[in-house]
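Observations on the model geometry
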Number of protein chains: 2
Amino acid sequence: MAGTSLQINCYPMVSTAKQYISRSNPGRRSLLFRPIKVASVASQSQSSYWDSLNVDIEAYLKKAIPIRPPLTVFEPMHHLVFDAPPSLAPALCIAACEFVGGGRDQAMVAAAAVRLMHAAACAHDKLLSAHKPISRPTAQREFESNIKLLTGDGIVPFGFELLASEPERSNAGRVVRVVAEIARAVGSQGTVEGQYEEVVSERMERACEKREGELHACAGACGAILGGGSEEEVEKLRKYGLYVGMMQGMLRLGGKERFGEMVERMRCLALNELRDFDGRKIETLSKLVEPDFCCA
Amino acid sequence: MAGTSLQINCYPMVSTAKQYISRSNPGRRSLLFRPIKVASVASQSQSSYWDSLNVDIEAYLKKAIPIRPPLTVFEPMHHLVFDAPPSLAPALCIAACEFVGGGRDQAMVAAAAVRLMHAAACAHDKLLSAHKPISRPTAQREFESNIKLLTGDGIVPFGFELLASEPERSNAGRVVRVVAEIARAVGSQGTVEGQYEEVVSERMERACEKREGELHACAGACGAILGGGSEEEVEKLRKYGLYVGMMQGMLRLGGKERFGEMVERMRCLALNELRDFDGRKIETLSKLVEPDFCCA
């Protein structure tokens, strides 16, 4: 975060990420006197952090999704999951968990489930007709429509199955809560409504809020829940995720040209949710809204 | 059960439902001396029992599924759930719970979730192309394909949301187990595989096993889990459900003309799973495989 500097006019009280850092963790002030050098180091290590999360989630999912008969079902499932357009939500789930003091393993299954839900929605995007959904960058092979339909239909319950399989007994309360969070985020008031708004109503801001917004919000909240965060932390990371997701949605649906002002507004709102944390990891978490990271 | 008399050659050891009853509950033997009179009374009260379960599940779901904006999403959801072809699985879930000594309320949400999963699959049936799925009796209105797709996509997570919302803390372990059971039953090794086998592979017996079979098996197991049944009871009610479901699938896909022998075989296997229970409610539960009930 430090050094890449968000030079924008954030309307809620604090104007740059630097200020968040200096306010929330005065001990790190020295960073601000050496912006360029530290920036590159910090930025590199933060990128590596997010890369490492994505690598770990992918490795977990590769073990979890077997290639088994019928191959006509499982091979496309493998493909549609691993070649789905990228999403920041799964990694955010683990980062939020670590942010509140939890371990990576505690949120790994939830992160994998979030990624599965995202992949399922992308598989069904291509079945929506009448209006063409706006395309995402993708390396997805084309499967025939029955396979896209059934594969998407199979991926969603698989996500819930992963979540609910063999949890430690002591953790069942949190798992149930995460199941409810993810179910809400991907259903008729989340992803599904987002798809509807995008493809049928063409209300794009609402589509961003309900689709990417709700999924990233859920990812932040679930990570915090599983990491043992307080209710306040859960709600702040939920809102942080909401704004991160809305930015992602806007960048997908029209980019800066169409949503430039809104994207900046979301960036400020997102950072504002982090300001009260006493911030060892704020730099890392706020990387998600840096222009060179989130718009890449 | 008594009096409607399953006059079939059941190959596992016991040949009629009457024998199950007399073996498992000798105190009821008097029933067997007055078959006709008792039959009609018993049959009526057993039918009322199943009717009452379905009425209760429907009432629960009508409260749980709001009609709220966007109406273009929620109105079809309402319609596709309540006008879906009938299924015995939701009521079996509650009956299994009561069978092992639990209360109706303990399995109501799981039964509703099972019904939602069934409705979601039926909504997506009509989107499967290339081969036409064999039609079910239905009063479903025709919605355009985007709505059928998104409504089905919304119904499944709603089922999980219901399951996971506000459970008592003490019950979280059972809820997690039921989430895993239902997720497995409706995913790529259950309903989805069944749809694939039916529509793409056209392997109808396998389709019955994976679709109706797995869902009814899951319903029996979940009811027993939620009612506090032993592991042995859970597994017996799972198998009972499997055979009940396979009968239902066969009756849908070809009826007695095509699957007559297999249907009778499933009936016997189903009854065989009940024989070791000491039987107060065996008559009621076995109603599901009686010809006048299951084939109606």
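Before any of the text, the structure's been laid out above.
All figures in this text were calculated on a predicted structure; none of them were measured in a lab.

**Considering the overall build of chain A**
Looking only at helices and strands, chain A features 14 helices and zero strands. The N-to-C order of helical and strand elements in chain A reads α-α-α-α-α-α-α-α-α-α-α-α-α-α. Across the 296 residues that make up chain A, the buried fraction comes to 62%. The contacts in chain A between residues at least 6 apart in sequence include a share of 74% that link residues at least 24 apart. Summed over all atoms, the accessible surface of chain A reaches about 11700 Å², with 50% contributed by carbon and sulfur.

**Here we look at the pattern of salt bridges**
Enumeration according to the criterion identifies 36 salt bridges over all chains in this entry. Residue Lys 287 of chain A pairs with Glu 290 of chain A through a salt bridge whose shortest N-O separation is 3.6 Å. Classification of Lys 287 of chain A as buried rests on a relative accessible area of 1%. By relative accessible area, which is 0% here, Glu 290 of chain A ends up buried. Here Arg 238 of chain B and Glu 181 of chain B are joined by a salt bridge, their closest N and O atoms 2.8 Å apart. Of the two residues, Arg 238 of chain B sits in helix H11 (residues 231-253) while Glu 181 of chain B sits in helix H8 (residues 172-186), which places them 57 residues apart along the sequence.

**Describing the nonpolar core**
Phe 160 and Ile 182 of chain A together with Phe 160 and Ile 182 of chain B are the most contacted members of the largest nonpolar core, which has 198 residues in total. Each residue touching Phe 160 of chain A, except ones within four places of it in the same chain, is listed here: Met 117, Val 179, Ile 182 and Ala 183 of chain A together with Phe 160, Val 179 and Ala 183 of chain B.

**Remarks on the interface of chain A and chain B**
Taken together, the contact between chain A and chain B spans 43 residues of the former and 43 residues of the latter. Note on chain A versus chain B: buried area summed over both sides is about 3600 Å², and carbon and sulfur give 68% of it. The tally of links from chain A across to chain B stands at two salt bridges. A salt bridge links Arg 184 of chain A to Glu 161 of chain B, with the shortest nitrogen-to-oxygen separation between them at 3.2 Å. If you look at where chain A meets chain B, you find four residue pairs in polar contact (both at pLDDT 80 or more). Broken down by secondary-structure element, the contributors of at least two residues to the side of chain A that touches chain B are helix H4 (71-82), helix H7 (145-164), helix H8 (172-186) and helix H9 (191-201) of chain A. Considering every element that reaches the side of chain A that touches chain B, the biggest residue donor is H7 of chain A, with 12 residues. Among the residues making up the side of chain A that touches chain B, the classes are represented as 26 nonpolar, 12 polar and five charged.

**Details of the relation of the copies chain A and chain B**
Relative to chain B, chain A is turned by 180° and slid 0.0 Å along the rotation axis, the superposed coordinates differing by an RMSD of 0.0 Å. What the superposition gives is, in effect, a two-fold axis relating one chain to the other. Measuring from the rotation axis to each C-alpha of chain A, the shortest distance belongs to Ala 172 of chain A, at 2.8 Å. Taken together, the interface assignments show that 100% of the residues at the interface of chain A recur at the interface of chain B, consistent with an identical surface on both copies.

**A closer look at helix H6 (residues 104-125) of chain B**
In this model, H6 of chain B (22 residues) spans 31 Å end to end at C-alpha, consistent with the 32 Å of a helix rising 1.5 Å per residue. Burial analysis of H6 of chain B places 18 of its 22 residues in the buried class, which makes it a mostly covered element.

**Comments concerning empty space enclosed by the protein**
Tallied over the full model, the rule gives three cavities of 30 Å³ or more. Roughly 290 Å³ of internal volume is contained in the largest cavity. As for the largest cavity, its lining consists of 24 residues, of which Asp 153 and Val 156 of chain A together with Gly 152, Asp 153 and Val 156 of chain B are closest to the centre. Put simply, the parts of the chain that give the lining of the largest cavity at least two residues each are helix H6 (104-125), H7 and H9 of chain A together with H6, helix H7 (145-164) and helix H9 (191-201) of chain B. Across the lining of the largest cavity, the residue classes break down as 14 nonpolar, eight polar and two charged.

**A look at the packing of aromatic side chains**
Applying the stated criterion to the full structure yields five aromatic pairs over all chains. Ring geometry for Phe 160 of chain A and Phe 160 of chain B: centres 4.2 Å apart, planes at 20°, overall stacked. Of this pair, Phe 160 of chain A sits in helix H7 while Phe 160 of chain B sits in helix H7, which puts the two residues in different chains. Per residue, the accessibility class of Phe 160 of chain A equals that of Phe 160 of chain B, and both read buried. Centre to centre, the rings of Tyr 49 of chain B and Trp 50 of chain B are 5.5 Å apart; their planes meet at 80°, and the pair counts as edge-to-face. With relative accessibility at 2%, the residue Trp 50 of chain B sits in the buried group. Above the face of the Phe 82 of chain A ring, Lys 62 of chain A is positioned so that its terminal group lies 5.0 Å from the ring centre.

**Some details on helix H5 (residues 89-99) of chain B**
One turn of an α-helix holds 3.6 residues; hence residues three or four places apart share an orientation. All names here are of chain B. Of all 11 residues making up H5, 11 are buried, and the element is well covered by its neighbours. Three or more residues of H5 are buried, namely Ala 89, Pro 90, Ala 91, Leu 92, Cys 93, Ile 94, Ala 95, Ala 96, Cys 97, Glu 98 and Phe 99. Remark: Gly 101 follows H5 within two positions and exhibits a positive phi of approximately 105°.

**Notes on the state of the cysteines**
By definition, a disulfide links the sulfur atoms of two cysteines through a covalent bond. Scanning the entire structure with this criterion turns up zero disulfides over all chains. Not part of a disulfide, Cys 93 of chain A finds its nearest cysteine sulfur in Cys 222 of chain A, a span of 5.7 Å.

**As for the packing of helix H4 (residues 71-82) of chain B against H7 of chain B**
All names here are of chain B. At a closest axis distance of 9 Å, the pairing of H4 and H7 adopts a crossing angle of 75°. Taken together, H4 and H7 sit at an angle that is classed as roughly perpendicular. On H7, the residues touching Thr 72, Val 73, Pro 76, Met 77, Leu 80 and Val 81 of H4 are Ile 147, Thr 151, Gly 154, Ile 155 and Phe 158. In the contact of H4 with H7, the residues fall into eight nonpolar, three polar and no charged.

**A word on the packing of H6 of chain A against H8 of chain A**
All names here are of chain A. Where H6 meets H8, the axes come as close as 11 Å, and the angle between the chain directions of the two elements is 20°. In terms of orientation, H6 and H8 fall into the roughly parallel class. When the axes of H6 and H8 are compared, the crossing they make is right-handed. Contact residues: Gln 106, Ala 110, Ala 113, Val 114 and Met 117 in H6; Arg 174, Val 178, Ile 182 and Val 186 in H8. By residue class, the composition of the contact of H6 with H8 is seven nonpolar, one polar and one charged.

**Quick notes on the environment of Leu 128 of chain B**
Residue placement: Leu 128 of chain B occurs in the loop between H6 and H7. For the pair Leu 128 of chain B and Gln 195 of chain B, spaced 67 residues apart in sequence, the C-alpha separation works out to 8.8 Å.

**Some words on the environment of Pro 66 of chain B**
All names here are of chain B. Structurally, Pro 66 can be placed in the loop between helix H3 (35-64) and H4. The class for Pro 66 is partly exposed, based on a relative accessible area of 26%. A C-alpha to C-alpha distance of 8.0 Å links Pro 66 and His 78, two positions 12 residues apart in sequence.

The rules behind these values
- Residues numbered from 1 in each chain as written.
- Chains lettered and ligands numbered in written order.
- Predicted model: local features only at pLDDT ≥ 70, side-chain atom pairs only at ≥ 80, totals over all residues.
- Heavy atoms only, no water.
- Helix = DSSP H or I, 4+ residues; strand = E, 2+ residues; numbered from the N terminus.
- Buried < 20%, exposed > 50% of the residue type's maximum accessible area, 1.4 Å probe, protein only.
- Contact = heavy atoms within 4.5 Å.
- Areas by Shrake-Rupley, 256 points an atom, 1.4 Å probe, with all protein chains shown as cover.
- Salt bridge = Lys/Arg side-chain N within 4 Å of Asp/Glu carboxyl O.
- Core = buried A, V, L, I, M, F, W, Y, C linked by side-chain atoms within 4.5 Å.
- Buried area = accessible area lost by both parts, 1.4 Å probe.
- Polar contact = N/O pair within 3.5 Å; in protein donor to acceptor, adjacent residues only side chain to side chain.
- Nonpolar A, V, L, I, M, F, W, Y, C, P; charged D, E, K, R; others polar.
- Least-squares fit on C-alpha atoms with pLDDT ≥ 70 in both.
- Expected span 1.5 Å × (residues − 1).
- 1 Å grid on protein atoms, 1.4 Å probe; cavity = no way out; pocket = protein on both sides within 12 Å on 5 of 7 lines; lining within 4 Å.
- Points joined across faces, edges and corners; volume = space filled by probe spheres on them.
- Phe/Tyr/Trp six-rings, centres within 6.5 Å; stacked < 30°, edge-to-face > 60°.
- Lys NZ or Arg CZ within 6 Å of the ring centre and 35° of its normal.
- Disulfide = S-S within 2.5 Å.
- Axes fitted to C-alpha atoms, helices over the stretch in contact; angles between N-to-C directions.
- Parallel < 35°, antiparallel > 145°, perpendicular 65-115°, else oblique.
- Left-handed = near helix turned anticlockwise from the far one by under 90°.

The values are spatial; any link to function lies outside them.
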